Amino acid sequence: MRVGHLRKGGSSLERVYVLVYWASLLVLFFAIVVPMLEARLERIVVRKLFHLLAVVLFAPVTIADPDLMSLAYAGATALLVIAEAFRVAKAGAVGRFIGTLWCRFVDEREMTEASYAYSKDKAQSNRPGSALVLTPIYLLIGCALPLWISHFLFQSCRPVSGAAQMNLAQMNLAGVAAIGVGDAMAAIVGKTIGRNKWPDSSRTFEGSFSFWIGLVVFYTVMQHSIFSDAAYHAGITANSMKTSSMGYKCVLFLMVSLLEACTTQMDNLVLPLFTLTGLGLC
């Protein structure tokens, strides 16, 4: 796939293939992967599997057809908002099903009240509402924001040079990289083998290092595969890409990993925006 074609979108048939790809992955994930691992892993690790799923779902389509991905983000966000409204309102069987599903994977900070609202105790189950469960929505919006922002900035003047398209492609993936790769790696490694914690924090040095490594590896692979075509047409040599662009990114990703270590709220929104800003200055 050539980066020069990234902004042109795909044909109708190609987009049907994308929908089949998404549906197949979701069925595989919820029918096989989650049931196999849910009983063996801690809740936070299982939740981070959704971040890795986001990478597999979103990254290829963001590269191949960012227009479709931007629209899909908007549609999926709307569906999650509607689902949350059904859950809070306890709208029949649908609301109860969503509430039960959310309680299996919800963030620990939201789990207590969400679980309380769906207790089998009749006195509790008649309560009018519960705390909003926003983690899934934040995850989706965090992945989408860099792509939406780049669409807004370049909708009337789309870059035509190879270097500009390479930078735009990297910016489009900022949310997927920061949340899907970095944050997931930090949580999984930090929870499983992390021993040395940051002062006054539950985050670990091992987790932060894994965050940094994850982003470096992700963008290194992208730079030497998808982005390399744009660099070639822009007259950028492999050596200059490696020494300048990746050197800057290593420092940037170190800063993002440190920000993640000291961020306790809204990290699914803060980290993508910080990463996007840094890549925009690259």
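Each residue is numbered by its place in its chain's sequence as written, counting from 1. Where totals are concerned, whole chains, interfaces and linings use all residues; where local detail is concerned, this predicted model gives features only for residues with pLDDT of at least 70, and gives and counts side-chain atom pairs only at 80 or more. Heavy atoms from the whole structure form the basis of all side-chain values; hydrogens and water molecules are not counted.

Colleague: Now, about unusual backbone geometry: what can you tell me, with residues and values included?
Modeller: One non-glycine residue, K90, lies in positive phi territory at about 50°. Comment: elements are numbered from the N terminus, with helices defined as DSSP H or I runs of at least four residues and strands as E runs of at least two. Along the chain, K90 falls in the loop between helix 3 (66–89) and helix 4 (92–105). Only protein chains enter the accessibility calculation, which uses a 1.4 Å probe; a residue is then buried when its area is under 20% of its type maximum, exposed when over 50%, and partly exposed in between. On the basis of relative accessibility, which here comes to 19%, the residue K90 falls in the buried class. Its identity as a non-glycine residue notwithstanding, D200 has a phi of 55°, on the positive side.

Colleague: With reference to specific residues and values, describe helix 7 (residues 135–154).
Modeller: Expected helix span is computed as 1.5 Å times (number of residues minus one). Compared with the 28 Å implied by 1.5 Å per residue over 20 residues, the 29 Å span of helix 7 between its first and last C-alpha is a close match. Bending is quantified residue by residue as the angle between axes fitted to the seven-residue window ending at that residue and the seven-residue window starting at it. Along helix 7, the sharpest kink reaches roughly 40°, centred on A144 and followed within four residues by the proline P146. Those residues of helix 7 that sit buried are T135, I137, L139, L140, G142, C143, A144, L145, P146, L147, S150 and H151.

Colleague: Let's hear about the packing of helix 7 against helix 13 (residues 267–280): which residues, and what values?
Modeller: To get an axis, a line is fitted to the C-alpha atoms, and for a helix only the part in contact is used. The angle between two axes follows their N-to-C directions and goes from 0 to 180 degrees. At a minimum axis separation of 8 Å, helix 7 and helix 13 run at an interaxial angle of 15°. In terms of axis orientation, helix 7 runs roughly parallel to helix 13. Along this stretch, helix 7 crosses helix 13, giving a crossing that reads as right-handed. Of the residues in helix 13, those touching helix 7 at T135, Y138, L139, I141, G142, L145, P146 and I149 are N268, L269, P272, L273 and L276. Across the contact of helix 7 with helix 13, the residue classes tally to 10 nonpolar, 3 polar and no charged. Relative orientations are named as follows: roughly parallel for angles under 35 degrees, roughly antiparallel for angles over 145 degrees, roughly perpendicular for angles from 65 to 115 degrees, and oblique for any other angle. Here is the rule for handedness: rotate from the far helix to the near one, and if that takes an anticlockwise turn smaller than a right angle the crossing is left-handed, while a clockwise turn gives right-handed. Residues count as neighbours in contact if any of their non-hydrogen atoms are within 4.5 Å of one another. In the scheme used here, Gly and all other residues not listed as nonpolar or charged are polar, with Ala, Val, Leu, Ile, Met, Phe, Trp, Tyr, Cys and Pro taken as nonpolar and Asp, Glu, Lys and Arg as charged.

Colleague: Could you give an account of the environment of L173, with specific residues and numbers?
Modeller: Along the polypeptide, L173 turns up in the loop between helix 8 (162–172) and helix 9 (174–192). Here L173 falls in the buried class, since its relative accessible area comes to 0%. Distance from L173 to M222, taken between C-alpha atoms, is 9.9 Å for residues 49 residues apart in sequence.

Colleague: Go over the UniProt feature "transmembrane region" (unreviewed entry) in the protein, please, and point to the residues and values.
Modeller: As recorded in UniProt, the feature "transmembrane region" (unreviewed entry) lies at residues 16–37, 49–64, 129–149, 169–189 and 209–226. Across residues 49–64, helical content stands at 100% and strand content at 0%; the span's end C-alpha atoms are separated by 23 Å. Secondary structure over residues 169–189 splits into 95% helix and 0% strand, and the C-alpha atoms at its two ends are 28 Å apart. UniProt positions are given in the numbering used here, feature names are shortened, and annotations may be inferred rather than shown by experiment.

Colleague: Mind laying out the packing of aromatic side chains, listing which residues take part and the relevant values?
Modeller: Each pair of aromatic rings taken from Phe, Tyr and Trp, with Trp reduced to its six-membered ring, is defined by centres within 6.5 Å and is described as stacked if the planes are under 30 degrees apart, edge-to-face if over 60, and tilted in the remaining cases. The tally for this structure, following the rule as stated, stands at 9 aromatic pairs. Ring geometry for Y73 and W148: centres 6.4 Å apart, planes at 85°, overall edge-to-face. Taken as a pair, Y73 in helix 3 and W148 in helix 7 lie far apart in primary sequence, 75 residues in all. Under the relative-accessibility criterion, W148 is labelled partly exposed at 26%. Counting every residue linked through ring pairs, the aromatic cluster contains F29, F30 and F50.

Colleague: Lay out the confidence of the model for the protein with the relevant residues and their values.
Modeller: Looking at the protein as a whole, its pLDDT mean stands at 79, while 77% of the residues score no less than 70. Along the chain, pLDDT gives the predictor's confidence residue by residue, from 0 to 100. Here residues 1–7 is modelled with pLDDT under 50, and outside its nearest four sequence neighbours on either side it reaches 25 contacts, counting other chains as well. Confidence over residues 230–243 falls short of pLDDT 50; this stretch has 19 contacts with residues more than four positions distant or in other chains.

Colleague: Which residues make up a nonpolar patch on the surface, and what values go with them?
Modeller: A cluster of nonpolar side chains, namely L13, V16, Y17 and V20, defines an oily patch on the protein surface of about 390 Å² accessible area. Note on placement: L13 falls in helix 1 (residues 12–38). Patch criteria: residues need more than 30% relative accessible area and no salt bridge. Like-charged residues are merged within 9 Å; nonpolar side chains of Val, Leu, Ile, Met, Phe, Trp and Tyr are merged within 5 Å. Computed with a 1.4 Å probe, the accessible areas rest on the Shrake-Rupley method; for each residue, only the protein chains presented here act as cover. Note on definitions: salt bridges are taken to be side-chain nitrogens of Lys or Arg within 4 Å of carboxyl oxygens of Asp or Glu.

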